[in-house]
Amino acid sequence: MPGSEWGTATEQRFNVNLSILFTELPLLERPAAAAAAGFTAVELWWPWVDSPTPERSELDALKKAIEDGGVQLTGLNFYAGQLPGPDRGALSIPGTESERFRANIDVAADFARSLGCKALNALYGNRVEGVEAAEQDALALENLVLAARAADRIGAILLIETLNQPESPLYPLVSAPAGVAVVDRVNEATGLGNARFLMDLYHLSMNGEDLPSVIERYAAKTGHVQIADNPGRGAPGTGTLPLEDLLGRLRKAGYEGWVGLEYKPGDRPSAAAFDWLPAEARAAR
């Protein structure tokens, strides 16, 4: 998609997800690479997939890489198991994974606070064979309440994300209403009002949802937006989603938050995967 078609992009605040873009580089080199591509804000899935509580030296090294790169961390996932991989979160899975999520809550929140990050994303987790859905949902609410309180402690919001059924068949939140219902339950349980919907337009489109309607209904409850084109989960312009129109609708509906670029670069270096976005629109204002 030629940059000229994104004439209104300067009205958006974009960040780059360093867990799907620039992954050809070691983790500690990615913040500087995003900055070299013109971006000033980044987000991350939990980088240590095997450890909810990494060594202080690892946390400090990533903090330094983000600071030295000159970018702002605007979003961070809590521990979510093997992601990318078979897992889709840990907080609703009884036993070890739930315990690992709980052990991670303050670690992730303190790391976010150290970098001024104001959004923490809690992936719900897959359904588990032999466990009642109601049992998983009760555990999920307990853990999300703990996460919301930790986010509130650092002045952040808690994000709850809808994924898509074709790629995440065991994940129970595969519609916008399902994700928003959990947001509402968490806010009701805590009284804090800091849980928000993560509106990923790629996942919602994969579910066949009416995106203009979703935006109209849920923009006010949305704390973060992520984009990729569909089909293919590539850069805007590689598929058929009218992403510029959809982001324009979000703006008109009052959404002023971040738009995370969470797409695959394809068979090219990540630095070459931003030609759809004018250079002057990459630095956040």
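Residues numbered from 1 in each chain as written. Predicted model: local features only at pLDDT ≥ 70, side-chain atom pairs only at ≥ 80, totals over all residues. Heavy atoms only, no water.

Caption draft 1: Main features of the layout of surface pockets. The computed volume of the largest pocket comes to approximately 300 Å³. Lining the largest pocket are 17 residues; nearest its centre among them are Trp45, Leu83, Pro84, Arg88 and Arg233. Classifying every residue of the lining of the largest pocket by side-chain character gives 6 nonpolar, 5 polar and 6 charged. (1 Å grid on protein atoms, 1.4 Å probe; cavity = no way out; pocket = protein on both sides within 12 Å on 5 of 7 lines; lining within 4 Å. Points joined across faces, edges and corners; volume = space filled by probe spheres on them. Nonpolar A, V, L, I, M, F, W, Y, C, P; charged D, E, K, R; others polar.)

Caption draft 2: Local environment of unusual backbone geometry. Backbone torsion omega between Leu83 and Pro84 reads 0 degrees, so that peptide bond is classified as cis. Along the chain, the position of Pro84 falls in the loop between β3 (72–77) and α3 (96–114). Residues Asn230 and Pro231 are joined by a peptide bond in cis, for which omega reads 5 degrees. Assignment of secondary structure puts Pro231 in the loop between β7 (222–227) and α8 (243–252). Phi at Arg233 is positive, roughly 55 degrees, even though this residue is not glycine. By the secondary structure assignment, Arg233 is in the loop between β7 and α8. A relative accessible area of 12% places Arg233 in the buried class. (Helix = DSSP H or I, 4+ residues; strand = E, 2+ residues; numbered from the N terminus. Buried < 20%, exposed > 50% of the residue type's maximum accessible area, 1.4 Å probe, protein only.)

Caption draft 3: Geometry of the pairing of strand β1 (residues 13–17). For β1, the buried fraction is high: 4 of the 5 residues fall into the buried class. By the bridge criterion, 4 bridges tie β1 to strand β8 (residues 258–261) in an arrangement that is parallel. Bridging across to β8, Asn15 finds its partner in Gly260. Summarising the sheet, β1 and strand β2 (residues 41–44) pair through 2 bridges and their orientation is parallel. Within β2, the residue paired with Asn17 across the bridge is Glu43. Regarding topology, helix α1 (residues 30–36) serves as the crossover connection from β1 to the parallel β2, and that connection is right-handed. (Pairing = 2+ DSSP bridges. Right-handed = clockwise from strand over helix to strand, strands pointing away.)

Caption draft 4: Up close: empty space enclosed by the protein. Enumeration over the complete set of coordinates arrives at 2 cavities of 30 Å³ or more. Estimates place the volume of the largest cavity at around 80 Å³. Lining the largest cavity are 16 residues, with Glu43, Gly75, Leu76, Asn77 and His224 sitting closest to its centre. Contributions of two or more residues to the lining of the largest cavity are made by β1, β2, β3, β4 (119–121) and β7. Looking at which element gives the most residues to the lining of the largest cavity, the answer is β3, with 4 residues. Broken down by class, the residue content of the lining of the largest cavity amounts to 7 nonpolar, 8 polar and 1 charged. The volume enclosed by the second largest cavity comes to roughly 30 Å³. Lining the second largest cavity, in full, are Trp45, Trp46, Val49, Phe78, Tyr79, Ala80, Gly81 and Leu83.

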